[in-house]
Structures are given as structure tokens and as C-alpha cells.
Amino acid sequence: MLYWTYPSTKDETILKQSLEGRGKKSMNILVIGCDQVGAALVRDLERIGHDISLIEKDPEQLKRLDSFDDYSFGGTALVGDPTDPDILKQGGVENCDAVAAVSEDDSVNLMAAQIAKSIFRREKVICRVSDPHLQVLYHKAYGLETICPTILTEQAVFRALAK
């Protein structure tokens, strides 16, 4: 049995309806990090019509965008430190609708998310946090919307075992 899939049509429909309710058809999204999660997120968001800017520290990681058979990255990619406000500006943080800090490094995600939220006043900021204890801290102390892949994996395995 396969438990990993692309975002479902239902997920895409919910996102599109949410945007339409705000009078928008697409979003300008700044993604931080191009590991497996970041690259897949960029691909899936672009597939449904969003404009993507990407910041990645390691230029080698950007090669992941070329690894998809049926996809070609159409956004803007910048190599640089996403915890540097000047790099975030160059990446388009001032004009984006949302920021997704999804690198493999929790501390980079926290710093970039905090800067996007507090300095650049971005309202929609998502922060990937692998450590469940830090997820609670980041959410409570910094008011960040957090996603913890460790918890999501545990929950998915639990549900799969319960079937």
C-alpha cells in the first residue's frame, strides 16, 4: 500500500477556493529551502498556478528542481543566506503573499520566518520544524505557524497501523 501522494485534487480545490474568497487566483510565494520537501513544494505550487521565488544556501540543492521528469521550474531562484534581510528582499519577500520556510535546518527556518513576519510584516508565514519540542516553542514564543514532519510521519504511521 502506498501512503505518499501528490496533493489531492481536493487539496488543490480548497486552496483555490480560499484564494477566490480573497479575490485572488494565484499567490506569489517565497519558498526557503530546496531539499526534497522544498523542491516538491515548489513543483506542486507552480503546477496549480502560483508564482514562486526560491532562496537556497547551497547551489547544489537547486539541481533537485531539474530532477522531475514532467516539470520545469519557471520561477526565480536565488542562492544566498535566507536569514539575511537583504537576501530576503532580493528574493521578493516585500511583495510576496506568503513565505514557506522549509529548509532542513530548523534554526534557518526560524530565523527566516521571524524576519519575514516581524521585519517585513508578512502575514502568512509557515515554518517547518523537525523537532517536536521546538515546534511548540516556535509557535508559542514567536507566534509562527509551524509544520512538524516528525509528528506528521508518526501520525501517518499510526493511522496506517490502525487500519
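Relevant structure appears above.
Below, the structure is looked at part by part. Within each chain, residues carry numbers counting from 1 in the order of the written sequence. The predicted nature of this model means local features are confined to residues of pLDDT at least 70 and side-chain atom pairs, given and counted, to a pLDDT of 80 or more, with totals for whole chains, interfaces and linings taken over all residues. Side-chain metrics in this entry use all non-hydrogen atoms of the structure; hydrogen atoms and water are not considered.

1. A few points about the overall build of the chain
Okay, step 1: Along the backbone of the chain there are six helices and six strands.
Okay, step 2: Put simply, DSSP marks the helices as runs of H or I at least four residues long and the strands as runs of E at least two long, and each gets a number from the N terminus on. Counting from the amino terminus, the chain carries its helices and strands in the arrangement α-β-α-β-β-α-β-α-β-α-β-α.
Okay, step 3: Burial classes follow relative accessibility: with a 1.4 Å probe on protein chains only, a residue under 20% of its type's maximum area counts as buried, one over 50% as exposed, and anything between as partly exposed. Among the 163 residues that make up the chain, the fraction classed as buried is 40%.
Okay, step 4: Two residues qualify as a contact provided that any one of their heavy atoms is within 4.5 Å of a heavy atom in the partner residue. A sequence separation of at least 24 residues applies to 56% of the contacts in the chain between residues at least 6 apart.
Okay, step 5: Summed over its atoms, the accessible surface of the chain is roughly 9,600 Å², and 53% of this surface lies on carbon and sulfur atoms. In this description, accessible areas are obtained by the Shrake-Rupley approach with a 1.4 Å probe, and a residue is regarded as covered only by the protein chains that are shown.

2. Here we look at the packing of helix α4 (residues 106-119) against helix α5 (residues 132-142)
To characterise two packed helices, one gives the angle between the axes of the helices and the distance between these axes.
Okay, step 1: The N-to-C vectors of α4 and α5 enclose an angle of 15°; their axes lie 12 Å apart at closest approach. When the axis of α4 is compared with that of α5, the two are roughly parallel. Crossing hand, α4 versus α5: right-handed. The residues of α5 that touch α4, namely those facing Asp 106, Ser 107, Leu 110 and Gln 114, are Leu 134, Tyr 138 and Tyr 142.
Okay, step 2: Each residue gets one label: Ala, Val, Leu, Ile, Met, Phe, Trp, Tyr, Cys and Pro are nonpolar, Asp, Glu, Lys and Arg are charged, and the others, such as Gly, are polar. Classifying every residue of the contact of α4 with α5 gives four nonpolar, two polar and one charged. Lines fitted to C-alpha atoms define the axes here, with helix axes fitted over just the stretch in contact, and angles between the N-to-C directions of these axes take values from 0 to 180 degrees. Every angle not falling under 35 degrees, over 145, or within 65 to 115 is termed oblique; those three ranges are roughly parallel, roughly antiparallel and roughly perpendicular. A clockwise turn of the near helix away from the far one marks a right-handed crossing, whereas an anticlockwise turn of less than a right angle marks a left-handed crossing.

3. Comments concerning the nonpolar core
Okay, step 1: Think of a nonpolar core as a cluster: buried Ala, Val, Leu, Ile, Met, Phe, Trp, Tyr and Cys residues, connected wherever their side-chain atoms sit within 4.5 Å. Counting 21 residues, the largest nonpolar core has Leu 30, Ile 32, Leu 88, Val 93 and Val 99 as the members making the most contacts within it.
Okay, step 2: Top contributing element to this core by residue count: α4, with five residues.
Okay, step 3: Not counting the four nearest positions on each side in its chain, Leu 88 is found in contact with Leu 30, Ile 32, Ile 55, Pro 82, Val 93, Ala 112, Ile 115 and Phe 120.
Okay, step 4: Met 27, Val 42, Leu 45 and Ala 98 belong to the second largest nonpolar core, which has 17 residues in total.

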